[in-house]
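Each chain is listed here by its residues.
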Amino acid sequence: MKVAHPPLIGSFFLPTLGLAVFSLALGYWISRKKKSIVKDDEPNITQNSSSDTVGEIDSMSTLENVKGKKNKHQCNCGSTETSKFEKQPSQIKIMYGTLMGKSKKFAEILLEHIAEEGTQVSVVNLKECDSEDNFVGSDSKDTLFIFIVSTYAEGSPPDDAQLFYKWLEDSALDFRVPKTFLADARFSVFGLGNSLYSENYNVIGRNIDKWLSQIGAERYAPLGLGDENVAESLHGNIEADFDHWCEGILNLLKYPQDTTAKKNGCSKGNDCCSKKGKKKSVNRLQKNKANRAEEKDVTYDSDSDSDGNEAVVDLEDLGSFVRVENKVGVESEEEEEFVSTDGEPREMLTPQLRESLTKQGYRLIGTHSGVKLCRWTKAMLRGRGGCYKHTFYGIESHRCMETTPSLACANKCVFCWRHHSNPVGTEWRWKMDPAEFILEGALEQHAKMINQFKGVPGVQPQRLAEGMNPVHCALSLVGEPIMYPEINRFLRMLHDKKISSFLVTNAQFPEAIRQLEPCTQLYVSVDASTKDSLKRIDRPLFKDFWERFLDSLRALSAKGQRTVYRLTLVKAWNVEELESYAELVKLGEPDFIEIKGVTFCGTSKASTLTMENIPWHHEVVTFGEKICSYLDSYGLAAEHEHSNCILLAKRSKFFKNGRWNTWIDYDKFHQLMQDYYLSDGKATFTSEDYMAATPDWAMFGSPEHGFDPAENRWHRKPPKKDISGC
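Residues numbered from 1 in each chain as written. Predicted model: local features only at pLDDT ≥ 70, side-chain atom pairs only at ≥ 80, totals over all residues. Heavy atoms only, no water.

In the annotation of an unreviewed UniProt entry, the protein chain is listed under the name S-adenosyl-L-methionine-dependent tRNA 4-demethylwyosine synthase TYW1 and assigned to Daphnia galeata. Under the UniProt heading Catalytic activity (unreviewed entry), the note attached to the protein chain is "N(1)-methylguanosine(37) in tRNA(Phe) + pyruvate + S-adenosyl-L-methionine = 4-demethylwyosine(37) in tRNA(Phe) + 5'-deoxyadenosine + L-methionine + CO2 + H2O". The record held by UniProt for the protein chain lists under Sequence similarities (unreviewed entry) the comment "Belongs to the TYW1 family." (UniProt positions renumbered as here; feature names shortened; annotations may be inferred.)

What follows is the structure, encoded as structure tokens:
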């Protein structure tokens, strides 16, 4: 007889069901715990731990930002947090993570200020610290940790801060780590970033500040945000942003019981913590968000809910959606952002930029211009040969002045030999110096630099005298000269002085190209032939950079004077895009195409180029021959092997009577320009009206390979003895 076993069913099924319910409950509690971790006073900008992709702002901080509680530019000096510590820190550790040394310099500046107050203080590179040993222990209660950390454009931390950043992220996001993990620690954070990269602006500093707070550390002083973009910086430039935050730290250390500074906001009298300052920051954030949403085809529905202060969106859309309100008056507020406290526009050159550029040999003029001696100017003063412009176009290199009326640029090219020490921007919003002042200053400083070669061995007296009076001007020193609002006036003044003009633009300002009056030769840098490679190589600031690039080439095709495409070849980056380059040439129809191998300028955290990316001259020649196979109307006209550069020219215009005519008749050009000015632009002319014959030694394939035989070739002496060892 079969016997039922209900006790067996109960003993197996019920415990199993209970275990399942317990597992669900535990999973729900864990998920709630994780969500509670990310709730904090600061905007919740997170970074995916498995990649360098920076997450979007979460729903809470997004809505709070729009309402004006917090936003990415807002100064936090008005914080009124209450401390749980009874006494001031007895020692301070300033920890930095840097890209190009700026964070380290700020750390050393703060060190000097704090040391003057008699407090024990030290500076530590984050790569040298063991995270847990530094922050967990008996000494941490008496220590104030100050972090000064930069953010890469793509939103990743500096190399020397990556281990610490990963440790802190894991600790903050791991639900098993108690929220009191760093309860004995006090901290403050200053982040360095660039708001032009708005999605990733200061994300590293923000995350460090947020994560430290999440695991129990007390925020001693509010988060400080420094902005390299002087047009958006709350205090005028990143140095002023740091000074403002630094002064707040020093005040707290000196007057711990005085909460006036905390309540009143800025200690320097700026309005960044006032309602006006906050409103400007909110308006700017709203505008930036609206632009990004436009690109992502996100629709802002003004009638989506009845409450003007609330927004309801799908959970999946929280990352990219933000409701934009109060648009009235945004433009007027935006205009206020770019004036200093005395009502004048801010200067482009900050003290730190001045120091950096001066160390590189620049002679700075006014607030946004500079001049520098080219190495080929020095070489030709000694009779050791001229640059590729001497070979291709017949300039006298010792009589050429290299200058720019705008040190700012709209790109951050990987091969920039200035290592991105110049300012960046997408429009002119700085104080502007008049063209007369810039030209007079450039000529004066150039003459002073030439005069320093008096008595230098090998310098030819005649050429030294000629060099004091330049007859050529290369507007290609650094930055984007076409951004300067008075560029046409500047060109006219050059031409009035019988100085030829060679202007280079990065093809991001098509309207400025259309409005540009004739110059001797107009260059456009064509560093890549596809959208993806251009973004990777030039790293442009404009979001519609590709459209601007193509429109600039179209604008170039309408110019009547000499036009040039400048192609910089970077091995493994852009040398395989022959067909795409050919299509771009057909779009702009330049008179000439310069093809040059990229120059290696040493290692830099701003660039990842190595010697492996530098093509040999024969590789540059091969590229030129291949591209000519796609463009029957162009031929190899000249080369300058020393500069690793070749010149392609239009056959129909410049190949006459069996020879090339790429040189320039400068006297004829100045005559044509005077006729143009006197007729108010009616007396137009073309590039063929002032061309001249190219000498045999400069032509492609000549035995001289572009080196002027009238010059003396200089060969460096090899080492006298091999001292390398076995």
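Negative charge collects at one region of the surface, where Glu108, Glu112, Glu116 and Glu117 lie side by side. A relative accessible area of 53% means that Glu112 is categorised as exposed. (Patch = residues over 30% accessible without salt bridge, like charges linked within 9 Å, V, L, I, M, F, W, Y side chains within 5 Å. Areas by Shrake-Rupley, 256 points an atom, 1.4 Å probe, with all protein chains shown as cover. Salt bridge = Lys/Arg side-chain N within 4 Å of Asp/Glu carboxyl O. Lys, Arg positive; Asp, Glu negative; His and termini not counted. Charge placed at Lys NZ, Arg CZ, Asp CG, Glu CD. Buried < 20%, exposed > 50% of the residue type's maximum accessible area, 1.4 Å probe, protein only.)

Further remarks concern the nonpolar core. Among the nonpolar cores identified, the biggest contains 78 residues, and Val526, Phe549, Ile593 and Ile595 are the most heavily contacted of them. Ranked by the residues each element gives to this core, the list is headed by helix 19 (residues 545–557), at seven residues. Apart from the residues within four sequence positions on either side, Phe549 is in contact with Ala507, Gln508, Ser525, Val526, Ala528, Leu534 and Leu584. Ile395, Val564, Ala638 and Ala649 belong to the second largest nonpolar core, which has 30 residues in total. (Core = buried A, V, L, I, M, F, W, Y, C linked by side-chain atoms within 4.5 Å. Helix = DSSP H or I, 4+ residues; strand = E, 2+ residues; numbered from the N terminus. Contact = heavy atoms within 4.5 Å.)

All right, on to the pairing of strand 8 (residues 369–372) then. Side chains Ser369 and Val371 of strand 8 all project onto a buried face; the interleaved residues Gly370 and Lys372 project onto the opposite face, where all are buried too. Direction of pairing for strand 7 (residues 363–365) relative to strand 8: antiparallel, over a ladder of three bridges. Among the inter-strand pairings, Arg363 is bridged to a residue of strand 8, identified as Val371. Here strand 7 folds back onto strand 8, and the loop between the two strands holds three residues, one of which, Gly366, carries a positive phi near 65°. (Pairing = 2+ DSSP bridges.)

Its location among the elements puts Ser103 in helix 3 (residues 102–116). Within the structure, the side chain of Ser103 is placed 2.7 Å from the side chain of Ser150, a separation counted as a polar contact. Residues within four places of Ser103 in sequence aside, it is in contact with Tyr96, Gly97, Thr98, Ile148, Val149, Ser150 and Leu192. (Polar contact = N/O pair within 3.5 Å; in protein donor to acceptor, adjacent residues only side chain to side chain.)

This part takes up the packing of aromatic side chains. Evaluated as defined, the whole model comprises 24 aromatic pairs. Measuring from ring centre to ring centre gives 5.2 Å for Phe190 and Trp245, while their planes differ by 40°; the resulting arrangement is tilted. Taken together, the positions of Phe190 in strand 4 (residues 186–193) and Trp245 in helix 7 (residues 238–254) put the pair 55 residues apart, joining distant regions of the chain. Among the aromatic residues, those joined into a cluster by ring pairs are Tyr388, Phe392, Tyr393, Phe502, Phe592 and Phe654. Geometry around Trp376 places Arg375 over its ring, the cationic atom sitting 4.5 Å from the centre. If you follow Arg548 out to its NZ or CZ, it ends over the ring of Phe542, 3.8 Å from the centre. (Phe/Tyr/Trp six-rings, centres within 6.5 Å; stacked < 30°, edge-to-face > 60°. Lys NZ or Arg CZ within 6 Å of the ring centre and 35° of its normal.)

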